[in-house]
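Listed here are the chains, written in short residue letters.
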Amino acid sequence: MTEALTLIPLDNVDPALVEALLDRAFEPERRQRTAYTVRDGVDWLPGLSFAAIDGEDHLVGTIQCWPVALTDGAGRAHPLIMVGPVAVLPEAQGKGIGKALMTASLGALSPQAPLPQVMIGDPEYYGRFWGFSNAATAGWSLPGPFDPRRLLARCDNPSVLPKEGMLGPWRR
Ligand SMILES: CC(C)(COP(=O)(O)OP(=O)(O)OC[C@H]1O[C@@H](n2cnc3c(N)ncnc32)[C@H](O)[C@@H]1OP(=O)(O)O)[C@@H](O)C(=O)NCCC(=O)NCCS
């Protein structure tokens, strides 16, 4: 259990502080990751993105969610929520902050019509707590290199997910 942790909407936090936290949680080349290309040109979703603040008012973690789409062979775009990056400062990891951030974002999804969610991450972590799985994503493509084992989806009814498609930003 985390002591004195507060979650607030991410748009209450200075974007420069968020970037500095992501630089500490990830390698310096993080912007070259394929996940960045998938969401290129779209903004994160304020209602689903959160910051974790510790008891001393320091930013210790963030989660961002993005509007993306899987475009099938017929050119039809299926909207999805891309979850991540989830990032916790190295010295604050292992205290349940990542778990709290994930639970906040997934809990903020519309209960009436939750869009399926996609993420690139460790199936051991995201499968164990939230039911993300790579079972439905074997035929999905990304605009860059990726480890298919780590391409994960979560959906009430996985049979509605397209079997094949290219993941990219949601363009209205
Ligand atoms: C991955 C990350 C967000 C997890 O946050 P965290 O606050 O350290 O995780 P939590 O404390 O909530 O973890 C809870 C549990 O998950 C486990 N866990 C954490 N990361 C894990 C991983 N990558 N794989 C498997 N299990 C993991 C912990 O051991 C803990 O297990 P326990 O409850 O049995 O002790 C954090 O480690 C991080 O920022 N890493 C660097 C950035 C990154 O790789 N982000 C993910 C890709 S977007």
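Before any of the text, the structure's been laid out above.
As the structure is a prediction and not an experimental result, all values here were calculated from the model. (Residues numbered from 1 in each chain as written. Predicted model: local features only at pLDDT ≥ 70, side-chain atom pairs only at ≥ 80, totals over all residues.)

## Overview of the overall build of the protein chain
So, point 1. From N to C terminus, the protein chain includes four helices and eight strands.
So, point 2. Along the protein chain, helices and strands appear, N-terminal first, in the series β-α-α-β-β-β-α-β-α-β-β-β.
So, point 3. Relative to a compact globule of 172 residues, whose C-alpha radius of gyration would be 16 Å, the protein chain shows 16 Å and is just as compact.
So, point 4. Overall size of the protein chain, expressed as C-alpha extent along the three principal axes, is 50 × 30 × 30 Å.
So, point 5. With 172 residues in all, the protein chain has 30% of them scored as buried.
So, point 6. A separation of at least 24 residues holds for 71% of the contacts in the protein chain among residues at least 6 apart in sequence. (Helix = DSSP H or I, 4+ residues; strand = E, 2+ residues; numbered from the N terminus. Rg over C-alpha atoms; globule rule 2.2 N^0.38 Å. Buried ≥ 20, exposed ≤ 12 C-beta atoms within 10 Å, placed from the backbone. Contact = placed C-beta atoms within 7 Å.)

## Re the pairing of strand β2 (residues 50–53)
So, point 1. Two elements, strand β1 (residues 6–9) and β2, share four bridges in a ladder whose sense is antiparallel. Bridge assignment links isoleucine 8 to a residue of β2, and that residue is alanine 51.
So, point 2. In this sheet, strand β3 (residues 59–71) lies alongside β2 in antiparallel orientation, the contact comprising four bridges. Paired with phenylalanine 50 across the two strands is isoleucine 63, which belongs to β3.
So, point 3. Hairpin connection from β2 to β3: five residues lie between these consecutive antiparallel strands, with aspartate 57 at a positive phi of about 70°. (Pairing = 2+ DSSP bridges.)

## Focus on the environment of proline 148
So, point 1. Positionally, proline 148 belongs in the loop between β6 (140–141) and β7 (151–154).
So, point 2. For proline 148, a count of 12 C-beta atoms within 10 Å gives the class exposed.
So, point 3. With 11 residues separating them in the primary sequence, proline 148 and threonine 137 have C-alpha atoms 7.8 Å apart.
So, point 4. Each residue touching proline 148, except ones within four places of it in the same chain, is listed here: Asn134 and Ala138.

## Considering the site of the ligand
So, point 1. Around the ligand sit 18 residues, and of these Gly84, Gln93, Gly98, Lys99 and Tyr125 come closest.
So, point 2. If one sorts the elements of the shell around the ligand by residue count, strand β4 (residues 77–88) sits on top with five residues.
So, point 3. When its residues are assigned to classes, the shell around the ligand shows eight nonpolar, six polar and four charged. (Near = placed C-beta within 6 Å. Nonpolar A, V, L, I, M, F, W, Y, C, P; charged D, E, K, R; others polar.)

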